[in-house]
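Summary of the model geometry
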Amino acid sequence: MPLKRRQFVFLSGIGGFSIALLNKIQSHSSDRNPNLNLVSQAQAIASEPILRFISLADTGTGAKGQYAVAQAMTQYHKQNIFDLAILAGDNIYNDGEIEKIGAVFERPYESLLKQGVKFRACLGNHDIRTANGDPQVKYPGFNMQGRYYTFRRDAVQFFALDTNNNADWKLQLPWLETELNRSDAPWKIVFGHHQIYSSGHYGENQKLIKDLTPLFQKYNVQLYINGHDHNYERTRALNGTTYLTCGAGAGVRPVGRSEWTEHSAEKLSFAAYEVYRDRIEISAIDTKNKVFDRGVVQL
């Protein structure tokens, strides 16, 4: 259940007050029991996320909407440092022309790139219009290890998919099952460009529901991140998986609600994630730097 802002601030205040009080008590007791300082340090560490990252998609226009979202991302980074950004496809409009990379990627995100933020991309339907997306796969700034690939950050294993119509599903699906099966990461997050459950323009994707959701359920994938629909939408957990559409990285389209919808919005935005040992806290952030949705994915 999403935390309301007042609840979130209140709980955060309680946590800060408790830690301060505990530290005060320990400062008077440290001579008698130095190990109390170690307890305090451990508690402080436990309250910090083990990983912080963001996601966005349908970004590569080079227009003012993209720059507005990029500015909000930069502002968020100032207060909540992260070094990973998931780029869920349609990285270059309209036809995936790599010669536009300066205008649609390097300049909008220049500040974040200079501060060491690594973008990890997958291919969208617009990206494959030029050379089937191969120039983007080879572009160093997208950090792609192929048309589909996996990487791990601490307790989180990420799986990037090629969800396009011409994707090599005969090889990709067995690869995905093998990698999911061998992963011992507590958190498994899959991202691809195309929606699976959506209340936006494209709606439900029956092919991906058939091909992917049984694997998600079998191997405990907790989160799927996508774009394609130019809106924000977070679902409730469906057979253990939350579906997060973050395709409003440069423009928006109308979005409705479905039986699975926890929150949906037609706002230029990105999603921010704080990963803890037992949960992932999701925040949707608009171009006014306002959090307009909060959700929690439980382990």
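It should be noted that the structure appears before, not after, this text.
Residues numbered from 1 in each chain as written. Predicted model: local features only at pLDDT ≥ 70, side-chain atom pairs only at ≥ 80, totals over all residues. Heavy atoms only, no water.

Summing up its helical and strand segments, the protein has nine helices and 13 strands in all. For the protein, with 299 residues in total, the buried portion stands at 54%. Accessible surface for the protein amounts to roughly 14,100 Å². Of this, 51% is attributable to carbon and sulfur atoms. (Helix = DSSP H or I, 4+ residues; strand = E, 2+ residues; numbered from the N terminus. Buried < 20%, exposed > 50% of the residue type's maximum accessible area, 1.4 Å probe, protein only. Areas by Shrake-Rupley, 256 points an atom, 1.4 Å probe, with all protein chains shown as cover.)

Turning next to the state of the cysteines. As enumerated under the stated definition, the model contains zero disulfides in all. Left without a disulfide partner, Cys122 is nearest to the cysteine sulfur of Cys246, which lies 9.5 Å away. In this structure Cys246 comes out as buried when scored by relative accessible area, which is 2%. (Disulfide = S-S within 2.5 Å.)

Okay, the pairing of strand β2 (residues 84–87) next. Neither face of β2 is exposed, since Leu84 and Ile86 on one face and Ala85 and Leu87 on the opposite face are all buried. Here strand β1 (residues 51–56) pairs with β2 via three bridges, running parallel. Bridge pairing links Ile54 to Ala85 in β2. With helix α3 (residues 64–79) bridging β1 and its parallel neighbour β2, the resulting β-α-β unit is right-handed. Here β2 pairs with strand β3 (residues 118–121) via four bridges, running parallel. Its bridge partner being in β3, Ile86 is matched across the sheet by Arg120. (Pairing = 2+ DSSP bridges. Right-handed = clockwise from strand over helix to strand, strands pointing away.)

Relative to the elements of secondary structure, Val275 occurs in strand β11 (residues 269–275). When sequence neighbours within four positions are dropped, the list of residues in contact with Val275 reads Pro49, Ile50, Leu51, Phe53, Val156, Trp187 and Ile280. (Contact = heavy atoms within 4.5 Å.)

Bringing the pattern of salt bridges into the picture now. Taken as a whole and judged by the stated rule, the model has 16 salt bridges. Ionic pairing is found between Asp83 and Arg153, a salt bridge with its closest N-O pair at 2.9 Å. Taken as a pair, Asp83 in the loop between α3 and β2 and Arg153 in strand β4 (residues 149–153) lie far apart in primary sequence, 70 residues in all. Residue Asp154 pairs with Arg277 through a salt bridge whose shortest N-O separation is 3.4 Å. (Salt bridge = Lys/Arg side-chain N within 4 Å of Asp/Glu carboxyl O.)

Another aspect to go through is the nonpolar core. One finds Phe53, Ile54, Met73, Phe158, Phe191, Phe270 and Tyr273 to be the most contacted residues of the largest nonpolar core, which totals 58 residues. Not counting the four nearest positions on each side in its chain, Phe270 is found in contact with Ile54, Ser55, Leu56, Val69, Ala72, Met73, Tyr76, Ser283, Ala284 and Ile285. Counting 22 residues, the second-largest nonpolar core is a separate cluster that includes Leu161, Val190, Leu215 and Phe216. (Core = buried A, V, L, I, M, F, W, Y, C linked by side-chain atoms within 4.5 Å.)

Another point: the sheet that holds strand β8 (residues 232–235). Across a sheet, paired strands are connected by hydrogen bonds in the backbone, their directions being either parallel or antiparallel. Spatially, seven strands are ordered β4-β5-β6-β7-β9-β8-β10 in an open sheet, and the strand pairing comes out mixed. Two strands bound the open sheet, and with one partner strand each, they are β4 and β10 (261–265). The average angle at which neighbouring strand axes cross in this sheet is 15°, direction not considered. As paired elements, β4 and strand β5 (residues 156–160) share five bridges and run antiparallel to each other. Opposite Arg153, over in β5, you have Val156 as the bridge partner. Packed onto the sheet, helix α7 (residues 169–182) meets β4, β5 and β6 (187–191) and runs at close to 180° relative to β5. (Axes fitted to C-alpha atoms, helices over the stretch in contact; angles between N-to-C directions.)

Read from one edge of the open sheet, six strands run β3-β2-β1-β11-β12-β13, paired in mixed fashion. In the strand order of this sheet, the two ends are held by β3 and β13 (291–298), each with one partner. Averaged over all neighbouring strand pairs, the angle between strand axes comes to 20°, with direction disregarded. Two elements, β11 and strand β12 (residues 279–286), share seven bridges in a ladder whose sense is antiparallel. When the bridges of β12 are listed, Ala271 appears paired with Ala284.

With that settled, consider unusual backbone geometry. The step from Tyr93 to Asn94 runs through a cis peptide bond, and the omega angle for that step is 0°. The residue Asn94 is located in the loop between β2 and α4 (101–106) in this model. Unusually for a residue other than glycine, Asn220 sits at a positive phi of about 60°. On the secondary structure map, Asn220 appears in the loop between α9 (213–218) and β7 (223–226). Phi at Asn289 takes a positive value of approximately 65°, unusual for a residue other than glycine. Position of Asn289 among the secondary structure elements: in the loop between β12 and β13. By relative accessible area, Asn289 is classed as partly exposed at 42%.

Taken by themselves, the reported measurements are silent on function.
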